[in-house]
Protein chains: 2
Amino acid sequence: MIKLTAQRQAILDMINQSNQHWDAELLARALSDAGHSIGIATIYRGLTALEKAGLIQAIHLGDKKRYERSDKAHHDHLVCRSCGSIEEFFDEHIEQRQRHVASQYRFQMDGHQLLIFGICQQCLKLSMKGEQS
Amino acid sequence: MIKLTAQRQAILDMINQSNQHWDAELLARALSDAGHSIGIATIYRGLTALEKAGLIQAIHLGDKKRYERSDKAHHDHLVCRSCGSIEEFFDEHIEQRQRHVASQYRFQMDGHQLLIFGICQQCLKLSMKGEQS
DNA sequence: GTCGAGAACGATAACCATTATCAATAATAA
DNA sequence: TTATTATTGATAATGGTTATCGTTCTCGAC
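As the structure is a computational prediction, the values presented were derived from the model and not from experiment.

1. What about the relation of the copies chain A and chain B?
Here is step 1: Between chain A and chain B, which share one sequence, the superposing operator has a rotation angle of 180° and an axial displacement of 0.0 Å; the RMSD is 0.1 Å. As the rotation angle and translation indicate, the two copies are arranged about a two-fold axis. For chain A, the smallest separation between a C-alpha atom and the rotation axis is recorded for A:Leu114, amounting to 2.2 Å.
Here is step 2: A symmetric contact is evident, with 100% of the interface residues of chain A recurring at the interface of chain B.

2. Concerning the protein's contact with DNA strand C
Here is step 1: DNA strand C sits among 16 residues. The nearest are A:Thr5, A:Thr42, A:Arg45, B:Tyr44 and B:Lys65.
Here is step 2: Each atom of DNA strand C within 4 Å of the protein was classed as base or backbone; sugar and phosphate made up 68%.
Here is step 3: Residue A:Arg45 places a side-chain N or O atom 2.6 Å away from a base nitrogen belonging to DNA strand C.
Here is step 4: Residue assignment for the surface near DNA strand C shows that the elements contributing at least two residues are α1 (6–16) and α3 (40–52) of chain A together with α3 (40–52) and β2 (64–69) of chain B.
Here is step 5: Here the surface near DNA strand C gets four residues from one element, more than from any other, and that element is α3(A).
Here is step 6: For the surface near DNA strand C, the class distribution of residues is five nonpolar, five polar and six charged.

3. Points about α3(B)
All names here are of chain B.
Here is step 1: With 13 residues, α3 extends 18 Å between its outermost C-alpha atoms, agreeing within 8% with the 18 Å of an ideal straight helix rising 1.5 Å per residue.
Here is step 2: Elements that come into contact with the buried residues of α3 comprise α1 (6–16), α2 (24–33), β1 (56–61) and β2.
Here is step 3: Two residues or fewer past α3, glycine 54 is found with a positive phi of approximately 80°.

4. Concerning the domain arrangement of chain A
All names here are of chain A.
Here is step 1: Taken domain by domain, chain A consists of domain 1 (6–69) and domain 2 (76–132).
Here is step 2: Just the C-alpha atoms count here: the centres of domain 1 and domain 2 sit 23 Å apart.
Here is step 3: Every contact between the two is made by seven residues of domain 1 and, on the other side, six residues of domain 2.
Here is step 4: When residues of domain 1 are sorted by the area they lose upon contact with domain 2, His21, Ile59 and Leu61 head the list and together hold 67% of the total.
Here is step 5: Taken together, domain 1 and domain 2 are joined by zero salt bridges.

5. With respect to the side chain of A:Gln113
Here is step 1: Checked against the element boundaries, A:Gln113 lands in strand β5 (residues 108–119).
Here is step 2: Residue class for A:Gln113 comes out buried when judged on its relative accessible area of 11%.
Here is step 3: Only 2.9 Å separates the side chain of A:Gln113 from the backbone oxygen of A:His60, close enough to count as a polar contact.
Here is step 4: Apart from residues lying up to four places away in sequence, A:Gln113 is in contact with A:Ile59, A:His60, A:Asp76, B:Gln113, B:Leu114, B:Leu115 and B:Phe117.

About the cut-offs
- Residues numbered from 1 in each chain as written.
- Chains lettered and ligands numbered in written order.
- Predicted model: local features only at pLDDT ≥ 70, side-chain atom pairs only at ≥ 80, totals over all residues.
- Heavy atoms only, no water.
- Least-squares fit on C-alpha atoms with pLDDT ≥ 70 in both.
- Contact = heavy atoms within 4.5 Å.
- Near = heavy atom within 4 Å.
- Polar contact = N/O pair within 3.5 Å; in protein donor to acceptor, adjacent residues only side chain to side chain.
- Helix = DSSP H or I, 4+ residues; strand = E, 2+ residues; numbered from the N terminus.
- Nonpolar A, V, L, I, M, F, W, Y, C, P; charged D, E, K, R; others polar.
- Expected span 1.5 Å × (residues − 1).
- Domains from an automatic or database assignment.
- Buried area = accessible area lost by both parts, 1.4 Å probe.
- Salt bridge = Lys/Arg side-chain N within 4 Å of Asp/Glu carboxyl O.
- Buried < 20%, exposed > 50% of the residue type's maximum accessible area, 1.4 Å probe, protein only.

What follows is the structure in structure tokens.
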């Protein structure tokens, strides 16, 4: 259904080639650095089209929308409040209970988003070092 | 710590008096209807202050931030993609597993947000009616 | 090939939720 | 009272995203 133009292919390649969680601006810069000059509007439209086609997946992180490869299994995210890093996890128990909750409420679930906020291991270490001195 | 000015009290009252998930604009209109003329900037500042003080709680729903009473137990949300309604649920198993996952990753969790997307019971009924004709 | 329709592009304006600015006002402390 | 500090409200600015619009590309029909 989707038309994979050169621009969209470039966007898709960039996302597929890394494990990053891209936002539109980051992507625009990376594509520009890689020699592709793609208008920012085209990037937004491309991301929307690619997501709708299931070729990438999105997470809404409050401030901005981020995109990542969809060729990996479903997972949720641990978001560090300190450095902004995003770690992935998967827990079948949680998935299962979600389906259970939805059916309890006669709710036809078609997706979910679980964000766990806090401080990541690295930042914890750093802050402990800082406090020692 | 927080200074409960007349404006902030009005905002807090409005939120405490209902089970709605308020966004700034909705709140502004409701307050205006109730006879309070509060600047939109003051509403944003008030919401931020009240949230920081723990007097209300917020959920980030992609497009905009919504606020609700904090005098009720923690819960998560079922968000209807069709009518936009928000239903609440609580599942201790999910809470537990989240703590488990966080500790597994040596991640110091200080909060989370779980949104389950789909179609609510009411919208399902309506769409079934529509298909019959 | 080329004609025409429809999709996609790029530049840029517009949009919308939120935040910053700043002068005026209210609350608080000395 | 006076000085200090915080809050307010109007409005400008910000930032991410979407809409607009004229141009370009794609591709099937002829």
